[in-house]
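Geometric and topological summary
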Amino acid sequence: MHIALGADHAGFHLKDSLKRTLDELGATYQDFGTASAESVDYPDFAQAVAHGVASGQCDRGILVCGTGIGMAIAANKVPGIRAAAIVDTDTATLSREHNDLNVLTLGARVTPEIRAREIVKVFLATPFAGGRHATRVAKIEGA
Ligand code: RB5
């Protein structure tokens, strides 16, 4: 699986540490920035990652900011993106099974690194359940 990675200054360190998790899982990634802890605007990175996923260049995206919330709001403006700020492994599982989440957003200021790693593992390993959920997801896209 090829992952689009992005963060703002608040998420920069967690984004970098999650690369090790992706390596352990055998996933490849493209880093869309930011490249330092210098202050930046999170929508710039949310849009870059969202377009990377929506275009098919990457299979899924992971975005990190302070809370995960701004990244989710911005990424969801791109058609075809289903992004949510996830804070535990239960909702990570259900976001994949029921919502076919394709962009995971994390909050580096609210989620400990060890939990973020577990959330990423679940996000990558859990398949979409399809069936009645596929009908509902299609309605999100306007089908
Ligand atoms: C940056 O201070 C912070 O606002 C941003 O990382 C994010 O939490 C926004 O949702």
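Heads up: these notes are all about the structure in this document. Each chain carries its own residue numbering, running from 1 in the direction its sequence is written. Residue-level local features of this predicted model are given only where pLDDT is at least 70; pairs of side-chain atoms are given and counted only at 80 or more, and the full residue set underlies all totals for whole chains, interfaces and linings. Here the side-chain values reflect all heavy atoms present in the structure, with hydrogen atoms and water set aside.

Turning next to the site of the ligand. Proximity is defined per residue: any heavy atom of the residue falling within 4 Å of a molecule or strand makes that residue near it. All residues in the neighbourhood of the ligand are listed as Asp-8, His-9, Ala-10, Tyr-42, Cys-65, Gly-66, Thr-67, Gly-70 and Arg-109. Nitrogen and oxygen atoms within 3.5 Å of one another constitute a polar contact, given that in protein one can donate a hydrogen and the other can accept it, and given that sequence-neighbouring residues count only through two side-chain atoms. Asp-8 places a polar side-chain atom, nitrogen or oxygen, 2.6 Å from an oxygen atom of the ligand. One of the backbone N or O atoms of Thr-67 is found 3.0 Å from an oxygen atom in the ligand. Residues are sorted three ways: Asp, Glu, Lys and Arg are charged, Ala, Val, Leu, Ile, Met, Phe, Trp, Tyr, Cys and Pro are nonpolar, and all the rest, Gly among them, are polar. Considered class by class, the residues forming the shell around the ligand number three nonpolar, four polar and two charged.

With 20 residues, the main nonpolar core has Leu-18, Leu-22, Ile-62, Leu-104, Leu-106, Val-120 and Leu-124 as its most contacted residues. Put simply, the parts of the chain that give this core at least two residues each are β1 (2-7), α1 (12-25), β3 (60-65), β5 (103-107) and α5 (113-125). Beyond its immediate chain neighbours, meaning those up to four positions away, Leu-22 contacts Ile-3, Leu-5, Ala-27, Tyr-29, Ile-62, Val-120 and Leu-124. Think of a nonpolar core as a cluster: buried Ala, Val, Leu, Ile, Met, Phe, Trp, Tyr and Cys residues, connected wherever their side-chain atoms sit within 4.5 Å. Only protein chains enter the accessibility calculation, which uses a 1.4 Å probe; a residue whose area is less than 20% of its type maximum is buried, one above 50% is exposed, and one in between is partly exposed. Ranked by size, the runner-up nonpolar core spans 16 residues in total, among them Phe-45, Val-53, Cys-65 and Val-78. Starting at the N terminus, helices and strands are each numbered in turn, a helix being any DSSP run of H or I of at least four residues and a strand any DSSP run of E of at least two. Contacts are residue-level and defined by heavy atoms, with any inter-residue pair within 4.5 Å sufficient.

Quick look at the environment of Val-78 now. Relative to the helices and strands, Val-78 resides in the loop between α3 (69-75) and β4 (83-85). Judged by its relative accessible area of 6%, Val-78 falls in the buried class. Considered as a pair, Val-78 and Gln-47 are 31 residues apart in the sequence and their alpha carbons are 7.2 Å apart.

Let us now look at the pairing of β5. β5 sits mainly inside the fold: five of its five residues count as buried. Neither face of β5 is left uncovered, since the one carrying Val-103, Thr-105 and Gly-107 and the one carrying Leu-104 and Leu-106 both have all their residues buried. Pairing geometry for β3 and β5, over five bridges, is parallel. Among the inter-strand pairings, Cys-65 is bridged to a residue of β5, identified as Gly-107. Both β4 and β5 contribute to a ladder of three bridges, which runs parallel. Bridged to Ala-85 within β5 is Thr-105. Two strands are counted as paired when DSSP detects at least two bridges linking them.

All quantities given are derived from atomic positions and should not be read as evidence of function.
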